[in-house]
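Structural description and commentary
If you want the building blocks of each chain, they are given just below.
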Amino acid sequence: MMSVTPLDQNTLFPDVSAQPEVIRLPDAELVYVPAAFARERADELLEKLLGELAWRKETIRIAGREIPVPRLTAWYGDERTEYQYSGIRHRPNAWLPDLQRIRETAQELAETRFNSVLANLYRDGRDSVAWHSDEERELGRQPVIASVSFGAARLFNLRHKTNRRGRYKLELGHGSVLIMRGDTQHHWQHQVPKQPQIEQPRINLTFRTISQRRELP
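For every chain, the first residue of the written sequence is number 1, and numbering continues from 1 onward in sequence order. Local features are withheld for residues below a pLDDT of 70 in this predicted model, meaning they are given only at 70 or higher, and side-chain atom pairs are given and counted only at 80 or more; totals for whole chains, interfaces and linings count all residues. Side-chain figures throughout are based on the complete set of non-hydrogen atoms in the structure, without hydrogens or water.

1. Quick word on the packing of aromatic side chains
Heads up, the rule is: Any two of the Phe, Tyr and Trp rings considered here, Trp counted by its six-membered ring, make a pair once their centres fall within 6.5 Å; the pair's planes then place it as stacked at under 30 degrees, edge-to-face at over 60, or tilted in between. Helix numbering and strand numbering both begin at the N terminus, where a helix is a DSSP run of H or I of at least 4 residues and a strand a DSSP run of E of at least 2. The buried label goes to any residue with under 20% of its type's maximum accessible area, the exposed label to any with over 50%, and the partly exposed label to all in between, with areas taken from a 1.4 Å probe on protein chains only. Charge-over-ring placement is defined geometrically: NZ (Lys) or CZ (Arg) within 6 Å of the ring centre, and within 35 degrees of the ring normal.
Taken as a whole and judged by the stated rule, the model has three aromatic pairs. Seen from their ring centres, F37 and F150 are 5.3 Å apart, and the 65° between their planes marks the pair as edge-to-face. Residue F37 is located in the loop between β3 (29-33) and α1 (39-52), and its partner F150 is located in strand β10 (residues 145-151); the two are separated by 113 residues in the primary sequence. Since its relative accessible area comes to 0%, F150 is described here as buried. Between W95 and F207 the ring centres are 6.4 Å apart and the planes differ by 5°, which places this aromatic pair in the stacked class. A residue pair is termed long-range when its members are at least 10 positions apart, and W95 in the loop between β7 (88-90) and α2 (97-110) and F207 in strand β15 (residues 202-208) qualify at 112 residues. The structure contains a cluster of three or more aromatic residues connected by ring pairs, namely W95, F114 and F207. For the cation-ring pair, R103 lies above W95, with the distance from its terminal atom to the ring centre recorded as 4.0 Å.

Below, the structure written as structure tokens:
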């Protein structure tokens, strides 16, 4: 049974629209905060992050072909938080003040310390991310991920890896935070599909904790 239930967080979130909601899915632990950042603050952060982050255009190799990644990315974190996925290696840029402040909010909501963040810039609705799980070895057995969104609202689809009836759809709004923890990444995949009708950009910050190790060669 899939349902959404508000948490009792009236003292931390006096605005009802900002109160966390538990998304009840089998084999998953998800909490969604629709207005973790006030509209004015979210507008300010979107504009600053668009201009301040070191955005990169990446390519991945599929079946021997170089394919452009349909979004821009940037990686920030503590020292020795190198990260690799889909054959792409990221060495961390030093934290920016605005990212630090956003991280503090994400940590408070997730009750977890994060040492890195993958930033994704969806320039418009033609940019997307394919089905995947965040289950790389350096993320640990039960990774906690806080996904912070600024800009255009985009669909966030989930599907269970073994139960074909296990599907869920959520629209991630401007200034929202989605927290994924427990066995979510082991049992579910997620994607941000293309929505060609959307013309505005969206920035997504996925805060995470990875094992710190020596520099990649």
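2. Quick notes on the nonpolar core
Selection rule: In this text, buried Ala, Val, Leu, Ile, Met, Phe, Trp, Tyr and Cys residues form a nonpolar core when linked through side-chain atoms within 4.5 Å. Between two residues, a contact is recorded if the distance between any of their heavy atoms is within 4.5 Å.
In terms of nonpolar packing, the biggest core is built from 33 residues, with F37, I102, V148, F150, V177, L205 and F207 touching the most fellow members. Per element, the largest residue contribution to this core is five residues, and it comes from α2. When near neighbours in sequence (up to four residues on either side) are disregarded, F207 contacts W95, L99, I102, R103, A106, F114, S116, V117, V144, I145, A146 and V148. The next biggest cluster of nonpolar side chains, apart from the first, holds 17 residues, and it includes A28, Y168, M180 and V192.

3. Things to note about the pattern of salt bridges
For the record, the criterion: For salt bridges, the criterion is a side-chain nitrogen of Lys or Arg within 4 Å of an Asp or Glu carboxyl oxygen.
Inspection of every chain in the model, using the stated rule, returns twelve salt bridges. As a salt-bridge pair, R39 and D43 come within 3.1 Å of each other at their nearest N and O atoms. One end of the pair, R39, and the other, D43, are both in helix α1, four residues apart, so they sit about a helical turn from each other. Ionic pairing is found between R141 and D183, a salt bridge with its closest N-O pair at 3.4 Å.

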